[in-house]
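Analysis of the macromolecular model
The primary structure of each chain is shown beneath.
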Amino acid sequence: MCFLICGIFGIFYVRTLVRSQTGDFDHNRWLFETNGTYGYGNAFWPKDEGISEDRTGVSGAEQLELLNKPWRPLTRKLKIPAAVISPYRLLALIRMVVLGLFLHWRITHPNEDAIWLWFMSVICEVWFAFSWLLDQLPKLAPINRATDLNVLKEKFETPSPNNPSGKSDLPGVDVFVSTADPEKEPPLVTANTILSILAADYPVDKLSCYVSDDGGALLTFEAMAEAASFANIWVPFCRKHAIEPRNPESYFSLKKDPFKNKVRQDFVRDRRRVKREYDEFKVRINGLPDSIRRRSDAYNAREEIKAMKLQKETVGDELLQPVKIPKATWMADATHWPGTWMIPSPEHSKGDHAGIIQVMLKPPSDELLNGTDDEANPLDFSEVDIRLPLLVYVSREKRPGYDHNKKAGAMNALVRASAIMSNGPFMLNLDCDHYIYNSQAIREGMCFMMDRGGDRICYVQFPQRFEGIDPSDRYANHNTVFFDGNMRALDGLQGPVYVGTGTLFRRTALYGFDPPRSKEYHSGCCSCCFTRRKKSSGSVASAPDEHRALRMGDSDDDEMNLSSFPKKFGNSNLLIDTIPIAEFQGRPLADHPAVKNGRPPGALTIPRELLDASTVAEAISVISCWYEDKTEWGNRVGWIYGSVTEDVVTGYRMHNRGWRSIYCVTKRDAFRGTAPINLTDRLHQVLRWATGSVEIFFSKNNALLASSRMKFLQRIAYLNVGIYPFTSIFLIVYCFLPALSLFSGQFIVQSLDVTFLVYLLSITITLCMLAVLEIKWSGIELEEWWRNEQFWLIGGTSAHLAAVLQGLLKVVAGIEISFTLTSKSGGDDNDDEFADLYIIKWTSLMIPPIVIMMTNLIAIAVGVSRTIYSAIPQWSRLLGGVFFSFWVLAHLYPFAKGLMGRRGRTPTIVFVWSGLIAITISLLWVAINPPAGASEIGGSFQFP
């Protein structure tokens, strides 16, 4: 019995030791109850009461090392203070109850004098309450997270018994940059993004950059070549002087003191030299279009002369026919550009060109390579690693008759090409104008992927931050309410949605596999009410370790049958062979008993294989336009096709398989980009997002059809993504109700009694208090919250309504419509940083908000006039209508200000529409409610 008790006690000690290292154990209580003493870094047993090897199964030396060097997590969860989140949840509950009582009162107390007005208002209010509930429920459990980069460096880049040399044991990362049209996306912007990636603070031999040029333009190709050349001086300069940010355009445009905290004597000289080199680099980039055109004209003229000489030699002195040769675009090496030509021709246009892969910067060696200090080098890099990451230009093949699926198809081509060339187990995708602002951003994301349980994370989403926004943020371009509010809240559920850029993906999750231990975690959407059921470990252990996580939802086997991969991923054996390798390399370190599905330390310190011609040829074959035929690319594997918002759908599919995502907010912004500050551009951006949401609602990606692996509140959040554009229908009606009330002399209620006012006051106060608390836990400002509320109404009455119309026509009738831009005004001040803010480009999306504004303004004038000259003034009805009209106009104020342009330079079409609307409303009002008699001022009028 005593032996049994000792054995149990020994097991208990080991278990409590594990718990203590994971932070779930009370160390002070353990020390008090066991008479433990303090040692270096942790507590250990006194020598005379030590645990023997036969009881723990661990040698004494290993015990001492384990105790002296405790396991430390890479990340930690920072909960919102209870003083903030508890009142927030309570207020949300109170507002739900008040809304329910208010709606019950409204339904049971109709306005008999204006039953039509009452009915429309009640329908709208019921929908608004439902919409608010969908938006509010996922916000009840927000969290913050923090990373520890020192622990990451200690675990993966510090010499240890398993890694004596101290080489980086971090997994590889493939960075994707997508661009499509050099005219709309300037090559200089793309080049700066590439330079910020090449200079990122991540092991050089583990970082690869792939540029997808979906337009196949020689301009982009040569701009990337120039960027690769300039990187030889820019990247070592950033490493030597710890430059932030590592986008040269942003760095040299900083308004703060560039010499702050710089201590090296040669910094001023180096900065001056690099600045001059960058200015010359910009001039070369800006001159590329003319250079390519002149070069092509010269070579085409030479070809014409050759063709004429050949014709003359063949025909003789007979009448010569005009020689016609294709106007080709020529490369610098005097060969035809295989992509899109400036003058399109067969097999050389945007939708018809060959696939291109060009290695701009070859893979670096695994050994450190310092520069030299001699007169030939302008800068002293003798103490700096001058290696550069792999840089690859990719332009997938396009041919007529194939659906190339826009950006999603281009990203999937990058996934396949990168798998063959570098096969980084993680992929970071960025838009061409979205650069790395924090050089350690990739390390921050890797902390989550490499932490305990990180093998179940499909992606780490970073917030989007923007530059060049006007100080007042008139159109809520920063979108901080979404990125700092909604996304933090979703992080407390199953994770944030994928927003299209600034996302670190796990490759195997994007391949369509289930997360590891999916059956162990699978407990249905009601997991909060029922105990999880774990599958017996026997069948799990029977699968080979490298294939244990490679499962898809349509298979009940724990081991994925590799023979079925060609049907899913295509017929490239080289691509298929990389899949289990990427899965293994993406696992966290098995440095703790609680880490499941881990890899041994030091497994990734070996150098990667060099690229050869056969590998590049295979990569070219997988970006061909026919490769995806009869495969699951775009359906289950990679970016999902069929929606203009492929990002949301792709993230939804991963969450639907049981993966979770993480929201990583860093102290220094991880990435920064640009956003449209012009009203019309902003409306069209919102229109595209809303159209995608409508498509999601009417597709199989509707959250109502989600699997039981998706958590209930996560499902609510995705349901709101598909439903929110439909709120515009009720919002449009509700914005007209105040005007209709003023025109008719009625109101949505019989009278402004105490009950209605109390309900209205309660709903308003709870909303304001919720907003204050949400501002408190999210970190946004009150002005940002108000701007978001204003643009919610602006977008809801314009772009969202158009998206619903567009989506319904596409789903029901198969008709696709577009809203084009017409006239332009303003924007002629080139010295103004925010000149685009004042440019007015007329679009049909502006008509509904203009109608709403004019209708409410006229209604206020009509209501005030009637009440003043009425024998028995109905001031309560007037005040109700005027109050709600001013509420509508206050929300539309940024829209009205945007129509004014700079210093009142409003386009003529705005005055024309306003005049027509005012006249139409006035005539309709006179026709509906004509004057009492001819004795009235102005006489009588009959509508023809």
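Along its length, the protein chain carries 32 helices and 17 strands. Summarising the internal contacts of the protein chain: among those between residues at least 6 apart in sequence, 78% fall at separations of at least 24. In the structure as shown, the protein chain presents an accessible area of about 44100 Å², 59% of it carried by carbon and sulfur atoms.

This part is about the sheet that holds strand E6 (residues 207-213). Strand pairing in a sheet relies on backbone hydrogen bonds. The paired strands run either parallel or antiparallel. Taken together, the 8 strands give an open sheet; going across it, the order is E7-E8-E6-E5-E9-E13-E11-E14, and neighbouring strands pair in mixed fashion. Every other strand in the sheet has two partners, leaving strand E7 (356-361) and strand E14 (660-663) as the edge strands with one partner each. Recorded for the sheet is a direction-independent mean angle of 20° between the axes of neighbouring strands. As judged from the 5 bridges shared by E7 and strand E8 (residues 390-395), these two strands associate in the antiparallel manner. Bridging from a neighbouring strand, Ile356 pairs with Ser395 of E8. Lying over the sheet, helix H8 (residues 187-198) contacts strand E5 (173-179), E6, E7, E8 and strand E9 (426-431), oriented at roughly 175° with respect to E5.

Our focus in this paragraph is the nonpolar core. Core analysis: the largest hydrophobic core is formed by 139 residues, its most contacted members being Ile357 and Tyr511. Examining the composition of this core, we find that 10 residues originate from one element, helix H5 (residues 82-108), more than from any other. Beyond its immediate chain neighbours, meaning those up to four positions away, Ile357 contacts Val392, Tyr393, Val394, Ala417, Met421, Val616, Ala619, Ile620 and Ile623. Phe156, Phe237, Val274 and Phe448 belong to the second largest nonpolar core, which has 81 residues in total.

For residues besides glycine, phi is generally negative; the peptide bonds are generally trans as well. Omega for the peptide link from Glu244 to Pro245 comes to -10°, which places this bond in the cis form. Checked against the element boundaries, Pro245 lands in the loop between helix H9 (218-241) and helix H10 (248-252). Positioned with a positive phi, Glu347 is a non-glycine residue whose angle comes to about 70°. Within the element layout of this structure, Glu347 appears in the loop between helix H12 (288-315) and E7. The residue Lys406 is not glycine, and still its phi comes out positive at about 50°. Inspection of the secondary structure puts Lys406 in helix H13 (residues 406-421).

With that out of the way, let us pick up a nonpolar patch on the surface. Taken together, Leu90, Leu93, Ile94, Val97 and Leu101 make up a surface patch of nonpolar side chains, about 450 Å² in accessible area. Inspection of the secondary structure puts Ile94 in helix H5. What makes Ile94 partly exposed here is its relative accessible area of 38%.

Okay, helix H7 (residues 149-156) next. Within H7, the full set of buried residues consists of Leu149, Val151, Leu152 and Phe156. The arc enclosing the buried residues of H7, seen along the axis, measures out at 155°, which places them on a common side. Buried residues in H7 make contact with strand E4 (143-147) and helix H14 (441-450). N-capping of H7 is provided by Asp148, with a side-chain oxygen placed 3.2 Å from the backbone N of Asn150.

On to the sheet that holds strand E12 (residues 466-467). Spatially, the 3 strands line up as an open sheet ordered E10-E15-E12, and their pairing is mixed. Both edges of this open sheet fall to strand E10 (435-436) and E12, since each of them pairs with a single strand only. Here E12 runs beside strand E15 (residues 671-674); their pairing, made up of 2 bridges, is parallel. Note that in E15 the partner of Glu467 across the bridge is Thr674.

Let's shift gears to the packing of aromatic side chains. Counted by the stated rule, this structure contains 46 aromatic pairs. Taking 6.1 Å as the distance between ring centres and 80° as the angle between the ring planes, the aromatic pair formed by Phe176 and Tyr210 counts as edge-to-face. With Phe176 in strand E5 and Tyr210 in strand E6, the pair connects residues that are 34 residues apart, well separated along the chain. With relative accessibility at 0%, the residue Phe176 sits in the buried group. Relative accessible area serves as the criterion here: at 0%, Tyr210 is assigned to the buried category. Look at Tyr459 and Phe505: their rings are 5.5 Å apart centre to centre, the planes differ by 55°, and that puts the pair in the tilted class.

Looking now at the packing of helix H22 (residues 646-656) against helix H24 (residues 712-723). For the pair H22 and H24, interaxial distance at closest approach is 12 Å and the crossing angle is 160°. By the criterion of interaxial angle, the relationship of H22 to H24 is roughly antiparallel. The interaxial crossing formed by H22 with H24 has left-handed handedness. Residues Val648, Gly651, Tyr652 and His655 of H22 pack against Gln714, Tyr718 and Val721 of H24.

With that out of the way, let us pick up the side chain of Arg246. Structurally, the position occupied by Arg246 is in the loop between H9 and H10. Among buried Asp, Glu, Lys and Arg side chains, Arg246 stands out as unpaired, with Glu244 the closest opposite charge at 4.1 Å. From its side chain, Arg246 meets the backbone oxygen of Ala199 in a polar contact 2.6 Å long. Residues contacting Arg246, with those up to four places away along its chain left out, are Leu195, Ser196, Ala199, Ala200, Asp201, Trp234, Cys238, Arg239, Ile436 and Ser439.

With that out of the way, let us pick up the side chain of Asp514. Along the polypeptide, Asp514 turns up in the loop between helix H16 (507-510) and helix H17 (518-521). Taking the relative accessible area as the measure of exposure, Asp514 reaches 2% and is therefore buried.

Taking 1.5 Å of rise per residue, the 20 residues of helix H11 (residues 267-286) would be expected to cover 28 Å, and the 28 Å separating its terminal C-alpha atoms lies within 8% of that figure. Within H11 the residues assigned to the buried category are Phe267, Asp270, Arg271, Val274, Glu277, Tyr278, Phe281 and Ile285. The buried residues of H11 occupy an angular sector of 130° when the element is viewed end-on, so they sit on one face. Among the exposed residues of H11, those oriented more than 90 degrees off its buried face are Arg272, Val283 and Asn286. On its buried face, H11 sits against H8, H9, H10 and H12.

In total, this model carries 45 salt bridges according to the counting rule given. Note that Glu226 and Arg284 form a salt bridge whose closest N and O atoms lie 3.0 Å from each other. Remark: Arg284 occurs in helix H11 and Glu226 occurs in helix H9; sequence separation between them is 58 residues. For Arg284, a relative accessible area of 34% translates into the label partly exposed. A single salt-bridge network, built from bridges that share partners, covers Lys240, Arg264, Asp266, Arg269, Asp270 and Glu383.

Here is what the cut-offs are and how they apply
- Residues numbered from 1 in each chain as written.
- Predicted model: local features only at pLDDT ≥ 70, side-chain atom pairs only at ≥ 80, totals over all residues.
- Heavy atoms only, no water.
- Helix = DSSP H or I, 4+ residues; strand = E, 2+ residues; numbered from the N terminus.
- Contact = heavy atoms within 4.5 Å.
- Areas by Shrake-Rupley, 256 points an atom, 1.4 Å probe, with all protein chains shown as cover.
- Pairing = 2+ DSSP bridges.
- Axes fitted to C-alpha atoms, helices over the stretch in contact; angles between N-to-C directions.
- Core = buried A, V, L, I, M, F, W, Y, C linked by side-chain atoms within 4.5 Å.
- Buried < 20%, exposed > 50% of the residue type's maximum accessible area, 1.4 Å probe, protein only.
- Patch = residues over 30% accessible without salt bridge, like charges linked within 9 Å, V, L, I, M, F, W, Y side chains within 5 Å.
- Salt bridge = Lys/Arg side-chain N within 4 Å of Asp/Glu carboxyl O.
- Arc of directions from axis to C-beta.
- Polar contact = N/O pair within 3.5 Å; in protein donor to acceptor, adjacent residues only side chain to side chain.
- Phe/Tyr/Trp six-rings, centres within 6.5 Å; stacked < 30°, edge-to-face > 60°.
- Parallel < 35°, antiparallel > 145°, perpendicular 65-115°, else oblique.
- Left-handed = near helix turned anticlockwise from the far one by under 90°.
- Lys, Arg positive; Asp, Glu negative; His and termini not counted.
- Expected span 1.5 Å × (residues − 1).

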